[in-house]
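Coordinate inspection notes
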Amino acid sequence: MTHREAEIYCKTIKWKTERCNAGNKCWCRIIVPVEKVFADDEDAIRIVHAGVLSNTLAKHIVKLHNEYIDSL
């Protein structure tokens, strides 16, 4: 699938947070789809990369997104 198709698909499935390479004590979190999504021989799609969102805000965004997906 193309990168654009992967982005669109990722909006229809649940997300989760992951730790960055710095580990447990890092302030940030990465947001990724619950299932790995790949586009055109790229690495797995990430919704939000490391160093962008705090742990608390990332978890809040994932919660809101997943509640929305459940409501469909």
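Quick note: structure is the one above.
Below: a short report on this structure. The structure presented is a predicted model; accordingly, all values stated were derived computationally and were not measured.

1. Notes on the sheet that holds strand S1 (residues 15-18)
Strands sit in the order S1-S2-S3 across an open sheet of 3 strands; the sheet is antiparallel. Since the sheet does not close on itself, it has two edges, and those belong to S1 and strand S3 (48-54), each with one partner. Recorded for the sheet is a direction-independent mean angle of 40° between the axes of neighbouring strands. Of the pairings in the sheet, the one linking strand S2 (residues 28-33) to S3 comprises 3 bridges and is antiparallel in character. Within S3, the position partnered with Cys-28 by the bridge is Ser-54.

2. Quick notes on the layout of surface pockets
Considering only enclosed or pocket space, the largest pocket measures out at about 230 Å³ in volume. Contributing to the lining of the largest pocket are 13 residues, with His-3, Glu-7, Ile-45, Arg-46 and Ile-47 lying nearest its centre. Element by element, the count of residues in the lining of the largest pocket is highest for helix H1 (residues 3-10), at 4 residues. For the lining of the largest pocket, the per-class residue count stands at 5 nonpolar, 2 polar and 6 charged.

3. Details of the pattern of salt bridges
If you walk through the whole model with that rule in mind, you get 4 salt bridges. The closest approach of N and O atoms between Asp-70 and Lys-14, which form a salt bridge, is 2.8 Å. You can see Asp-70 sitting in helix H2 (residues 55-71) and its partner Lys-14 sitting in the loop between H1 and S1, a full 56 residues away along the chain. Assessed through its relative accessible area of 53%, Asp-70 is described here as exposed. Look at Lys-14 and you get partly exposed, because its relative accessible area is 33%.

4. Notes on a negative patch on the surface
Where like charges cluster on the molecular surface, the negative patch consists of Glu-5, Asp-40, Asp-41, Glu-42 and Asp-43. Its relative accessible area of 66% is what places Asp-43 among the exposed residues.

5. What to know about the side chain of Arg-29
Position of Arg-29 relative to the elements: it lies in strand S2. Among the polar contacts listed, one links the side chain of Arg-29 to the backbone oxygen of Cys-26, at a separation of 3.1 Å.

6. Remarks on unusual backbone geometry
In the Ramachandran plot, Asp-40 falls in the positive-phi region, its phi being about 45° despite a non-glycine side chain. Secondary-structure assignment places Asp-40 in the loop between S2 and S3. At Asp-41, a position not held by glycine, the phi torsion is positive, near 60°. Tracing the chain through its elements places Asp-41 in the loop between S2 and S3. For Asp-41, a relative accessible area of 86% corresponds to the exposed category.

About the thresholds
Residues numbered from 1 in each chain as written. Predicted model: local features only at pLDDT ≥ 70, side-chain atom pairs only at ≥ 80, totals over all residues. Heavy atoms only, no water. Pairing = 2+ DSSP bridges. Helix = DSSP H or I, 4+ residues; strand = E, 2+ residues; numbered from the N terminus. Axes fitted to C-alpha atoms, helices over the stretch in contact; angles between N-to-C directions. 1 Å grid on protein atoms, 1.4 Å probe; cavity = no way out; pocket = protein on both sides within 12 Å on 5 of 7 lines; lining within 4 Å. Points joined across faces, edges and corners; volume = space filled by probe spheres on them. Nonpolar A, V, L, I, M, F, W, Y, C, P; charged D, E, K, R; others polar. Salt bridge = Lys/Arg side-chain N within 4 Å of Asp/Glu carboxyl O. Buried < 20%, exposed > 50% of the residue type's maximum accessible area, 1.4 Å probe, protein only. Patch = residues over 30% accessible without salt bridge, like charges linked within 9 Å, V, L, I, M, F, W, Y side chains within 5 Å. Areas by Shrake-Rupley, 256 points an atom, 1.4 Å probe, with all protein chains shown as cover. Lys, Arg positive; Asp, Glu negative; His and termini not counted. Charge placed at Lys NZ, Arg CZ, Asp CG, Glu CD. Polar contact = N/O pair within 3.5 Å; in protein donor to acceptor, adjacent residues only side chain to side chain.

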